[in-house]
Amino acid sequence: MGDSSVGALVPTVKPPEPAGSSSEAVTAPPPPPPHLEPAPEVQAEVAAAAAAAAAETTVCEVDKDLLCPICMQIIKDAFLTACGHSFCYMCIVTHLKNKNDCPCCGHFLTTNHLYPNFLLNKGQKARGIFLRKTSARQTAKTATPFEHLRQALQQGCEVSVKELDSLMSLLVEKKKKMEQEEAETNMQILLDFLLRLRKQKLEELNEIQTDLQYIKEDINAVERHRIDLYRARERYSVKLRILAEDPIAMKAWPSLMDKHSGVFISSVHSTQGWMGSGSSLNKKADVKAQVSSHGLQRKDAYSGSDSHVTQSGQAIARKRRVHAQFNDLQDCYLQKRRHWVRQQLKQEERDTNPTREGYHAGLEDFQSVLSSFTQYSRLRVIAELRHGDLFHSANIVSSIEFDRDDELFATAGVSRRIKVFEFSSVVNEPADVHCPVVEMSTRSKLSCLSWNKYTKSHIASSDYEGIVTVWDVTTRQSVMEYEEHEKRAWSVDFSRIEPSMLVSGSDDCKVKIWCTRQEASVLNIDMKANICSVKYNPGSSIHVAVGSADHHIHYYDLRNISQPVHVFSGHRKAVSYVKFLSNTELASASTDSTLRLWDVKENMPVRTFKGHANEKNFVGLTVNSEYIACGSETNEVFAYHKAISKPAAWHRFGSSDMDDTDDDAGSYFISAVCWKSDSPTMLTANSQGTIKVLVLAA
């Protein structure tokens with residue numbers, strides 16, 4: 001969205017200091033453990049120090065009555081004024097050189113009205129002597145026996161050699177006892193540490209042993225299944241060889257092929273498991289290719305050719321992807337295995353769709369992830385078109401969306417135009433410039449598009465003036481216009497369950513719910529920060545996710561908008577997009593250069609994805625059942641598998657896309673992305689107006 005697409009920056013607010021964290025707060029130290037109580041001598045020293053502090057406090061309290069109001073020190077050479085106040089002589093004389101009044105009451109005063117305060121001077125001396133004696137007596141009372149002994153020896157107390165020997169022996173024994181107690185304390189501390197360490201390592205060992213048991217069970221299950229597949233393949237090969245040797249049977253090849261291919265196809269699916277990221281056409285093509293290669297296997301073996309070169313090369317490439325992402329795949333395997341074990345412990349004998357005997361559901365789940373993740377390694381360009389207009393220098397594509405049936409796709413951006421293209425013609429008819437089948441002009445720059453999931457010809461848009469418009473693509477006219485937002489509207493979305501309802505979010509910190517049968521909003525949610533993205537839950541007409549500039553995702557139940565059902569925290573900057581992979585999985589994008597996956601049912605984070613760069617622009621976000629894709633400010637598109645935190649594939653819009661007269665290619669960024677429903681095909685657009693059709697490839 002160019003310079004104007006940068007979301008509002010939310011200042012970082014320091015969290016309030018917890019109570020008691022202030023430097024002025026004083027908290028009592030916790031009592032020492034019983035085995036760490038100080039020795040009696042130490043206790044006596046502490047008591048002496050406390051007594052001295054108490055004596056000092058008493059002196060301070062007494063001295064408050066003897067302070068000079070000018071210098072706030074104990075009065076020296078006290079003089080009394082005619083108004084009855086006492087000051088240090090030098091303090092009051094200095095004051096009277098500047099002003100002729102009493103510092104305390106403001107009464108007129110000169111040096112002629114000053115008189116020596118003999119009584120206060122004598123009282124100070126007497127009080128000082130008294131305090132010194134009191135302090136000495138308190139010190140004597142609280143002094144330890146060691147202090148008394150030291151004072152006696154220092155004062156020349158006569159002691160015999162025999163008494164000194166006895167005393168020294170006693171001190172040596174006392175020292176040995178204290179050293180013994182200190183050693184025991186140190187051993188106890190060391191023992192506590194080692195016991196805690198052993199407990200922690202035993203827990204880790206138990207976890208590792210449990211994981212090893214899972215791995216052992218899964219290895220056995222996979223080996224058994226491999227044997228079954230091998231036997232099925234051998235039986236199928238024998239049938240193919242018989243057919244090849246029998247000319248009569250060759251005439252019945254098509255029907256036999258249909259009968260027997262089902263066995264092989266089912267084995268292929270059980271081994272690899274389709275992940276939902278490819279279309280039915282791709283599925284059939286894959287099966288055909290595998291059946292063809294398998295059917296020629298025996299014939300090639302007899303002729304001495306290597307029919308598995310390509311297949312082996314693909315297997316090697318997939319193994320390399322496994323090694324490259326081994327740590328993430330390991331975490332994914334253990335996470336899914338442990339999760340399914342917990343589910344079985346909670347509800348045993350509940351599975352209505354049992355898996356193969358000995359084939360754990362957690363392994364089945366991970367196998368699907370592994371198959372789909374290693375299936376693709378790059379994004380390949382299959383079509384490209386230029387979205388830019390000759391009369392508009394601003395070509396940023398802010399939004400690109402497929403319609404209900406994936407036959408049409410629409411683009412919108414700062415050029416103030418909604419353009420609708422036919423997907424098949426863009427892919428199948430190469431041309432330098434593809435003309436849109438429909439083009440509609442708007443008054444303002446556009447920020448977001450959303451096709452109606454029920455009425456094929458209806459599409460909603462939000463723009464920089466805060467207007468939400470519902471268009472009829474067939475008539476090229478607006479059906480409804482909503483102008484309640486006070487600032488730029490960033491996002492709009494139709495409900496899948498209730499197609500007459502749509503939601504929008506704006507910089508005015510408001511989320512509004514609209515109905516195409518009403519002219520005014522039916523619901524309004526006031527928030528504290530700018531709204532960057534809104535999205536209906538695909539399985540509900542009452543749940544809405546809101547991405548906000550306050551770094552959070554707010555998940556609302558529209559039946560009670562007083563507070564969100566959940567607030568998902570984790571992003572460090574504004575949340576620019578929110579999209580649902582399923583009824584329970586929510587993906588979010590932020591300008592902190594991360595994507596995050598959340599479980600809205602369990603109210604918990606699932607995974608964080610890193611690899612792209614996004615610090616200020618809206619770079620797009622799109623999801624399907626297995627993959628999450630987004631743009632980057634490096635002019636690249638990144639695709640992530642939802643179970644792996646690192647990119648599975650990426651594609652860079654190369655310098656060949658840029659005109660010589662344009663700025664440096666580094667200033668461009670991906671501005672919009674959109675998956676074709678449950679397909680490895682994706683539409684992408686960048687800030688220069690270039691649109692590419694990409695497909696995940698091996």
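If you're wondering where the values come from, they're calculated on a predicted model, not measured in any experiment.

> Give me the lowdown on the overall build of the protein, citing residues and values where you can.
A tally of helices and strands in the protein yields 13 helices and 31 strands. Looking at the protein as a whole, 41% of its 698 residues qualify as buried. Nonlocal contacts in the protein, meaning residues at least 24 apart in sequence, comprise 53% of its contacts between residues at least 6 apart. Carbon and sulfur atoms form 55% of the exposed surface of the protein, whose accessible area is close to 39,900 Å².

> So what's going on with helix α2 (residues 89–98)? Residues and values would help.
Restricting attention to buried positions, one finds in α2 the residues Cys-91, Ile-92, Val-93, His-95 and Leu-96. Here the buried face of α2 lies against β2 (86–88) and β3 (114–116).

> Lay out the confidence of the model for the protein in plain terms, naming residues and giving numbers.
Mean pLDDT over the protein: 79, with 75% of residues reaching 70 or higher. Confidence over residues 259–309 falls short of pLDDT 50; this stretch has 67 contacts with residues more than four positions distant or in other chains.

> A description of the pairing of strand β19 (residues 553–557) should follow, citing residues and the corresponding values.
By the criterion of burial, β19 is predominantly enclosed, with five of the five residues buried. Alternating residues of β19 divide into Ile-553, Tyr-555 and Asp-557 and His-554 and Tyr-556, and every residue in both groups is buried. Note that strand β18 (residues 543–548) and β19 share five bridges and pair antiparallel. Note on β19: the bridge partner recorded for Gly-547 is Ile-553. Between β18 and β19, which pair antiparallel in sequence order, lie four residues; one of them, His-551, sits at a positive phi of approximately 80 degrees.

> Go over a nonpolar patch on the surface, please, and point to the residues and values.
On the surface, Met-187, Leu-190, Phe-193, Leu-194 and Leu-197 cluster together into a nonpolar patch covering about 470 Å² of accessible area. Exposure remark for Met-187: the relative accessible area of 51% places this residue in the exposed category.

About the thresholds
Residues numbered from 1 in each chain as written. Predicted model: local features only at pLDDT ≥ 70, side-chain atom pairs only at ≥ 80, totals over all residues. Heavy atoms only, no water. Helix = DSSP H or I, 4+ residues; strand = E, 2+ residues; numbered from the N terminus. Buried < 20%, exposed > 50% of the residue type's maximum accessible area, 1.4 Å probe, protein only. Contact = heavy atoms within 4.5 Å. Areas by Shrake-Rupley, 256 points an atom, 1.4 Å probe, with all protein chains shown as cover. pLDDT = per-residue confidence, 0-100. Pairing = 2+ DSSP bridges. Patch = residues over 30% accessible without salt bridge, like charges linked within 9 Å, V, L, I, M, F, W, Y side chains within 5 Å. Salt bridge = Lys/Arg side-chain N within 4 Å of Asp/Glu carboxyl O.

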